[in-house]
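As a plain string of letters, each chain reads:
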Amino acid sequence: MADWQRERRELMDYLLEQDWDVFGTLKFVDGRTIGRETANKLLRSYWNKIDRVFFGHAADRQNVRVPRWCFAHEGSDTENFHVHFLLKSPIADTEHTCAVLNAVWAQHHQQTGPMVKNWIMPVINRQDAVNYVTREYWRMGSATLLDDISWAPTSAADMAAQETEAQAHRINKAVSSAWITAATAALRDQQSRYTHNS
């Protein structure tokens, strides 16, 4: 077995041991021209914003952040940069989490992809999700795992303690009901397409 295959298997085993329930793909308006440096800045600022939306000051003061594992992908032609992620929903309503994540990304910057280009939904099959996020390991090696924007230490109990009215207010302030409605429609479309393709 090649080293990359062994390393990928170890990463897949590690991911399957973790607690996550959302799979996502964040796209850019043009993944071919975005450039890694710009993409990384946008991704860092996006995840910082997500952490603050869900956890407010606790994100900075107590390091309560959304548990996530992020992966760079370049596409079949190595020129279409995008990011896949696995994460633990920070609130009990996983579908609402998916809608918030998509709506915030779509509004984040002029270069972030619109809701219909992103794919964020509750996980249906954990093994399939892990296979997918690690599938470019053969080409990129460990560089596919984006350690600088991934985060694992936050417990479910820490997140549950933050599920308050203040959190709901921050979510409503970050994304209007119109954006949530559109993001929920995008989610329903994704779920329908996934069901028909399975």
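In case you missed it, the structure is sitting above this.
Note that this is a predicted model, so its numbers are computed, not measured. (Residues numbered from 1 in each chain as written. Predicted model: local features only at pLDDT ≥ 70, side-chain atom pairs only at ≥ 80, totals over all residues. Heavy atoms only, no water.)

1. A closer look at the overall build of the chain
And then number 1: Summing up its helical and strand segments, the chain has nine helices and four strands in all.
And then number 2: The secondary structure elements of the chain, listed N-terminal to C-terminal, are α-β-α-α-β-β-α-β-α-α-α-α-α.
And then number 3: For a compact globule of 198 residues, the expected C-alpha radius of gyration is about 16 Å, and the chain comes in at 16 Å, within 12% of that figure.
And then number 4: Here the C-alpha coordinates of the chain stretch approximately 50 × 35 × 35 Å along the principal axes.
And then number 5: Across the 198 residues of the chain, 47% fall into the buried class.
And then number 6: In the chain, once contacts between residues fewer than 6 apart in sequence are set aside, the share between residues at least 24 apart is 79%.
And then number 7: Working note: accessible area of the chain is about 9800 Å², and carbon and sulfur atoms make up 49% of it.
And then number 8: Positive and negative charge centroids in the chain, built from 22 and 24 side chains respectively, lie 5 Å apart. (Helix = DSSP H or I, 4+ residues; strand = E, 2+ residues; numbered from the N terminus. Rg over C-alpha atoms; globule rule 2.2 N^0.38 Å. Buried < 20%, exposed > 50% of the residue type's maximum accessible area, 1.4 Å probe, protein only. Contact = heavy atoms within 4.5 Å. Areas by Shrake-Rupley, 256 points an atom, 1.4 Å probe, with all protein chains shown as cover. Lys, Arg positive; Asp, Glu negative; His and termini not counted. Charge placed at Lys NZ, Arg CZ, Asp CG, Glu CD.)

2. Focus: the pairing of strand 3 (residues 82–87)
And then number 1: Most of strand 3 is tucked away, with six of its six residues classed as buried.
And then number 2: Side-chain alternation along strand 3 places H82, H84 and L86 on one buried face and V83, F85 and L87 on a second face that is also buried.
And then number 3: Relative to strand 3, strand 2 (residues 68–73) is paired through six bridges, and the arrangement is antiparallel. Counted as the bridge partner of C70 is F85 from strand 3. (Pairing = 2+ DSSP bridges.)

3. Re the pattern of salt bridges
And then number 1: Tallying each qualifying case throughout the model produces 13 salt bridges.
And then number 2: Between D21 and K88 there is a salt bridge, with the nearest N and O atoms lying 3.3 Å from each other. Here D21, found in the loop between helix 1 (3–17) and strand 1 (22–26), pairs with K88, found in the loop between strand 3 and helix 4 (94–108); they are 67 residues apart in sequence, far enough to count as distant.
And then number 3: Because the salt bridges share partners, they merge into one network encompassing D51, D60, R65 and R68. (Salt bridge = Lys/Arg side-chain N within 4 Å of Asp/Glu carboxyl O.)

4. A word on the sheet that holds strand 4 (residues 119–122)
And then number 1: An order of 2-3-1-4 is seen for the four strands of this open sheet, with the pairing classed as antiparallel. Both outer strands of the open sheet, strand 2 and strand 4, are each paired with one neighbouring strand and no more. Neighbour-to-neighbour, the strand axes of the sheet open up by a mean angle of 15°, direction not taken into account.
And then number 2: In terms of strand pairing, strand 1 meets strand 4 through four bridges, oriented antiparallel. From the neighbouring strand, F23 faces strand 4, where its bridge partner is M121.
And then number 3: The strands touched by helix 2 (residues 36–55) are strand 1, strand 2 and strand 3; relative to strand 2, the strand with the most contacts, the crossing angle is about 160°.
And then number 4: Contacting strand 1, strand 2 and strand 3, helix 5 (residues 126–133) crosses the sheet at an angle of about 145° to strand 3. (Axes fitted to C-alpha atoms, helices over the stretch in contact; angles between N-to-C directions.)

5. Some points on the state of the cysteines
And then number 1: Within the structure shown, the criterion is met by zero disulfides.
And then number 2: C70 carries a free sulfur, and the closest cysteine sulfur to it, the one in C98, is 14 Å from it. (Disulfide = S-S within 2.5 Å.)

Nothing here speaks to function; it is geometry throughout.
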